[in-house]
Amino acid sequence: MLSSSLAGLLLQVGLLAGVQPAAGQTSGPQPFDLSTISLTNSRWMDNQNRTVSYLKWVDVNRLLYNFRSNHRLSTQGAAANGGWDAPNFPFRTHAQGHYLTAWAFCYASLRDNECRDRAAYFVAELAKCQKNNGAAGFSTGYLSGFPESEFAALEARTLNNGNVPYYAIHKTMAGLLDVWRHLGDTNARDVLLALAGWVDTRTGKLSYQQMQSMLGTEFGGMNDVLADLHKQTKDDRWLKVAQRFDHAAIFDPLAAGRDQLNGLHANTQVPKWIGAALEYKATGSTRYRDIAKNAWDLTVGAHTYAIGGNSQAEHFRPPNAIAGYLQKDTAEACNTYNMLRLTRELWPLDAASTAYFDFYERALLNHLLGQQDPASSHGHVTYFTPLNPGGRRGVGPAWGGGTWSTDYDSFWCCQGTALETNTKLMDSIYFHDEGALFVNLFTPSVLKWAAQNVTVTQATDFPAGDTTTLTIGGQPGESWDLFVRIPSWTTDQAEISVNGEKANIDTKPGTYAVIKGRAWKDGDKVTVRLPMTLRTVPANDNPNVAAVAYGPVVLSGDYGSGSLSSMPTLSLDSVRREGSGGLTFTATAGGKSVQLKPFYDAHGINYNVYWTTQGKLPA
Ligand SMILES: *[C@@H]1O[C@H](CO)[C@@H](O)[C@H](O)[C@H]1NC(C)=O
Ligand SMILES: *[C@@H]1O[C@H](CO)[C@@H](O)[C@H](O)[C@H]1NC(C)=O
């Protein structure tokens, strides 16, 4: 900490220029606690319900199997799992942290006691595993489903069994932190602090060079979770450990704004960028902000498909390579889950920009909503989202592609992140600062904003309809501003009315419209209309190849059980809406009539997202 006179001196000579407010003072809108927002009936809630039903059904003792077995405790007669949690799978127990987080989210948002009890039981059992480390021959604090010797091999750079040990540790730590945060569970706190202490001890012995070399192996968001632990505890020790995981080979080019992503394993990188955003907020060092922001700009601008996903075969391809990589293994879901987390960390730093939530909406609606099988009562999901002509979710290759996950035989990374996605669909709809409410997403929901003593109820059938209504309830105290994102995809006919009267405010697409300083009354109704039009989303690398969208919704061709061997040519001028409402269109492609529907609804059929295009969309 600088003495104030020294800081004054440095300010005078300009040395602190560019240094942002210190830890904890990062300005900008804040998210609401999950417990204050609930979804109401909608497609979003249906997704949440399916995931919650799986979370309350899955056998907790099966999920404990590898932890208990590794820490030399009885597996209590439970069966072992298959897939990425099989007893011989290298990074088994990577998935359990996602279950912990999802149970914590379920409890936080729904006050569901069964989710709470499952999380608490699981953590209590993890505590027993950790306490048995002496007998198991592990160091104090260690907690995992595979032996600690994997870390010795990782450090010696001799690990060659495909394990990514810190990737799994990160997930466990993040799950424990969420259970501590949302349940107030002190077991979770103690187990987490012991495990974090183990990480500190282990990594504290390594030189900078040894550490950087070790970071060549995927390590998830170790800097993210440790910076988050610092935020939770205010203990600088954890920030120091977080910064040990700053990966120079990735951070240096990003700090300089250079796109060197080509060929990198995508989901290995995104969590590091979330960590950088948190480290910026903790330290005020603008280098961290630049890394996170440049990574976001490059990825969204030059590596992202129309549906908001990135990567092919899990890897970044050359900048702007889109049309050249439309395969069965595009758009790994974890990457998008992580990009959304990065987005909601970055937006508050530049809250006048709609680019962040324009992207968030695009990726959540067009990629992650449809990642889940609506026919699965357990909310099973795909790993990739195929974008090849005639792609399909539901059937396909035995591994990856568009194949659905299963109850006990998948445990892919993307199954884990989807448990979180579908239990936190409410977490980014609203943000606030002292005197303002920000509406970023158009999702049916109820917000209880205690600081202003109001309830805000959002009713909408968006994106099937173009209107959303926000009703203010309660006895508001002071006046406050209402900011509404006017997406860049809408038209200059966007409008906002208050109690039926058009508000005389700027509603330009790609800005936040603001109703300033209104003294809100019980029953006030704000109606937001965001007209949608047909538009193309061209591939960066080929202007003749494009997806077609209506407003925010990417449309896909319904080919039923018909197969496609190449990208069909779509006559853009043939696209017509069926009827006056709804999101079904017809068009002519390859000389044949085809229906276009929201891609998030393309289930149980072969679909087509990208087209060779001809002509112009009707005005
Ligand atoms: C979804 O779950 C909620 C409880 O969280 C329940 O009120 C609602 O009826 C469920 N919806 C359906 C379609 O089952
Ligand atoms: C908050 O609103 C409730 C009614 O919804 C009212 O009874 C209460 O007095 C209000 N509290 C404050 C501090 O304004």
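Residues numbered from 1 in each chain as written. Chains lettered and ligands numbered in written order. Predicted model: local features only at pLDDT ≥ 70, side-chain atom pairs only at ≥ 80, totals over all residues. Heavy atoms only, no water.

Points about the overall build of the chain
Secondary structure assignment for the chain yields 18 helices and 20 strands. For 619 residues, the compact-globule formula gives about 25 Å, and the C-alpha radius of gyration of the chain, at 24 Å, lands near that figure. Each of the three principal axes of the chain carries a C-alpha extent, and together these read 70 × 65 × 50 Å. Out of the 619 residues in the chain, the part that is buried amounts to 60%. The long-range fraction of contacts in the chain, counting pairs at least 24 apart against all pairs at least 6 apart in sequence, stands at 69%. Carbon and sulfur atoms provide 49% of the accessible area of the chain, an area that totals close to 22700 Å². The distance from the centre of the 52 positive side-chain charges to the centre of the 55 negative ones in the chain is 2 Å. (Helix = DSSP H or I, 4+ residues; strand = E, 2+ residues; numbered from the N terminus. Rg over C-alpha atoms; globule rule 2.2 N^0.38 Å. Buried < 20%, exposed > 50% of the residue type's maximum accessible area, 1.4 Å probe, protein only. Contact = heavy atoms within 4.5 Å. Areas by Shrake-Rupley, 256 points an atom, 1.4 Å probe, with all protein chains shown as cover. Lys, Arg positive; Asp, Glu negative; His and termini not counted. Charge placed at Lys NZ, Arg CZ, Asp CG, Glu CD.)

Re unusual backbone geometry
With an omega of 5 degrees, the peptide bond running from Phe 462 to Pro 463 counts as cis. Relative to the elements of secondary structure, Pro 463 occurs in the loop between strand E6 (454–460) and strand E7 (467–474). Even without glycine at this site, Lys 234 takes up a positive phi of about 60 degrees. As for its placement among the helices and strands, Lys 234 is situated in the loop between helix H11 (222–233) and helix H12 (236–244). For Phe 411, which is not glycine, the phi torsion reads 55 degrees and is therefore positive. Looking at the secondary structure, you find Phe 411 in the loop between helix H17 (355–368) and helix H18 (413–421). With relative accessibility at 1%, the residue Phe 411 sits in the buried group.

Quick notes on the sheet that holds strand E5 (residues 445–449)
Reading across the sheet, the seven strands line up as E2-E5-E6-E7-E12-E9-E10 and stay open at both edges, with antiparallel pairing between neighbours. Looking at which strands have only one partner, the edges of the open sheet turn out to be strand E2 (37–39) and strand E10 (501–502). (Pairing = 2+ DSSP bridges.)

Things to note about the site of ligand 1
Neighbouring ligand 1 are Met 45, Asp 46, Asn 49 and Leu 110. About the coverage of ligand 1: the protein hides 37% of its 370 Å² of free accessible area. Among the elements that take part in the shell around ligand 1, helix H2 (residues 43–55) stands out by supplying three residues, more than any other. Along the lines of polarity and charge, the residues of the shell around ligand 1 split into two nonpolar, one polar and one charged. (Near = heavy atom within 4 Å. Nonpolar A, V, L, I, M, F, W, Y, C, P; charged D, E, K, R; others polar.)

Looking at the packing of helix H14 (residues 266–283) against helix H15 (residues 286–302)
Helices that pack against each other are described as a pair by the angle of their axes relative to one another and the distance between those axes. For the pair H14 and H15, the least separation of the axes is 7 Å and the interaxial angle reads 150 degrees. As for how H14 packs across H15, the hand of that crossing is left-handed. Of H15, the residues touching H14 (which contributes Trp 273, Ala 276, Ala 277, Glu 279, Tyr 280 and Thr 283) are Thr 286, Tyr 288, Arg 289, Ile 291, Ala 292, Ala 295 and Thr 299. (Axes fitted to C-alpha atoms, helices over the stretch in contact; angles between N-to-C directions. Left-handed = near helix turned anticlockwise from the far one by under 90°.)

Here's the deal with the domain arrangement of the chain
Under the domain assignment, the chain is made up of domain 1 (4–421), domain 2 (430–462 + 466–529) and domain 3 (534–614). Distance between the C-alpha centres of domain 2 and domain 3: 33 Å. (Domains from an automatic or database assignment.)

A look at the site of ligand 2
The environment of ligand 2 is made up of Asn 453, Gly 474 and Gln 475. A distance of 2.4 Å separates an oxygen atom of ligand 2 from a polar side-chain atom of Asn 453. Within the complex, 34% of the 360 Å² of free accessible area of ligand 2 lies under protein. (Polar contact = N/O pair within 3.5 Å; in protein donor to acceptor, adjacent residues only side chain to side chain.)

Focus: the packing of helix H16 (residues 333–346) against H17
Axis separation between H16 and H17 bottoms out at 10 Å; the angle between their running directions is 155 degrees. With respect to H17, the axis of H16 lies roughly antiparallel. Of the two elements, H16 crosses H17, and the hand of that crossing is left-handed. Along the contact surface, H16 presents Ala 333, Thr 336, Tyr 337, Met 339, Leu 340, Thr 343, Arg 344 and Leu 346, while H17 presents Tyr 356, Phe 357, Phe 359, Tyr 360, Ala 363, Leu 364, His 367 and Leu 368. Counted by class, the contact of H16 with H17 contains 12 nonpolar, three polar and one charged residues. (Parallel < 35°, antiparallel > 145°, perpendicular 65-115°, else oblique.)

Brief notes about the nonpolar core
Core analysis: the biggest nonpolar cluster contains 171 residues, and Trp 103, Tyr 166, Leu 226 and Trp 273 have the highest contact counts within it. It is helix H8 (residues 165–183) that contributes the most residues to this core, nine residues altogether. When neighbours within four sequence positions are excluded, Trp 273 is seen to be in contact with Ile 250, Phe 251, Leu 254, Leu 261, Ala 292, Ala 295, Thr 299, Phe 316, Met 339 and Leu 342. Counting residues in hydrophobic clusters, the runner-up holds 20 residues, among them Ala 306, Ala 331, Leu 387 and Ala 602. (Core = buried A, V, L, I, M, F, W, Y, C linked by side-chain atoms within 4.5 Å.)

Considerations on the side chain of Asp 373
Relative to the helices and strands, Asp 373 is located in the loop between H17 and H18. Despite its burial, Asp 373 pairs with no opposite charge, the nearest such side chain being Arg 50 at 7.1 Å. Within polar-contact distance, the side chain of Asp 373 engages the backbone nitrogen of Ala 375 at 2.8 Å. Not counting the four nearest positions on each side in its chain, Asp 373 is found in contact with Arg 50, His 380 and Trp 404. (Salt bridge = Lys/Arg side-chain N within 4 Å of Asp/Glu carboxyl O.)

Overview of the confidence of the model for the chain
On average, residues of the chain carry a pLDDT of 94, and 95% of them reach 70 or more. Mean pLDDT values over the elements of the chain span from 36, in helix H1 (residues 4–12), up to 99, in helix H9 (residues 186–204). Note that residues 1–25 has pLDDT below 50 and, in this model, 17 contacts with residues that lie over four places away or in other chains. (pLDDT = per-residue confidence, 0-100.)

Here we look at the pairing of strand E14 (residues 542–550)
Relative to E14, strand E13 (residues 534–539) runs antiparallel, the two being bridged by six bridges. Opposite Ala 539, over in E14, you have Asn 542 as the bridge partner. Counting the residues between successive antiparallel strands, the hairpin from E13 to E14 contains two residues. The pairing of E14 with strand E15 (residues 553–558) spans three bridges and is classified as antiparallel. Bridging across to E15, Ala 549 finds its partner in Val 554. Hairpin connection, E14 to E15: the antiparallel pair is bridged by two residues, and Gly 551 has positive phi, about 55 degrees.

Comments concerning the state of the cysteines
Counting across every chain of the model gives one disulfide. Note that Cys 106 is cross-linked by a disulfide to Cys 115, the S-S spacing being 2.1 Å. Between Cys 106 and Cys 115 the sulfur-sulfur dihedral comes to about 80 degrees; the bridge is accordingly right-handed. Residue classification places Cys 106 among the buried residues on the basis of a relative accessible area of 1%. Owing to a relative accessible area of 0%, Cys 115 belongs among the buried residues under this scheme. (Disulfide = S-S within 2.5 Å.)

As for the pattern of salt bridges
Here the structure, examined in full by the defined rule, presents 24 salt bridges. For Arg 289, the salt bridge identified is with Asp 290, shortest N-O distance 3.3 Å. We note a salt bridge from Arg 485 to Asp 358, for which the minimum N-O separation is 2.6 Å. Of this pair, Arg 485 sits in strand E8 (residues 480–486) while Asp 358 sits in helix H17, placing them 127 residues apart in sequence. Accessibility expressed as a relative area gives 11% for Asp 358, which makes it buried. Salt bridges here are not isolated pairs; linked through shared partners, they connect Arg 68, Glu 125 and Lys 128.

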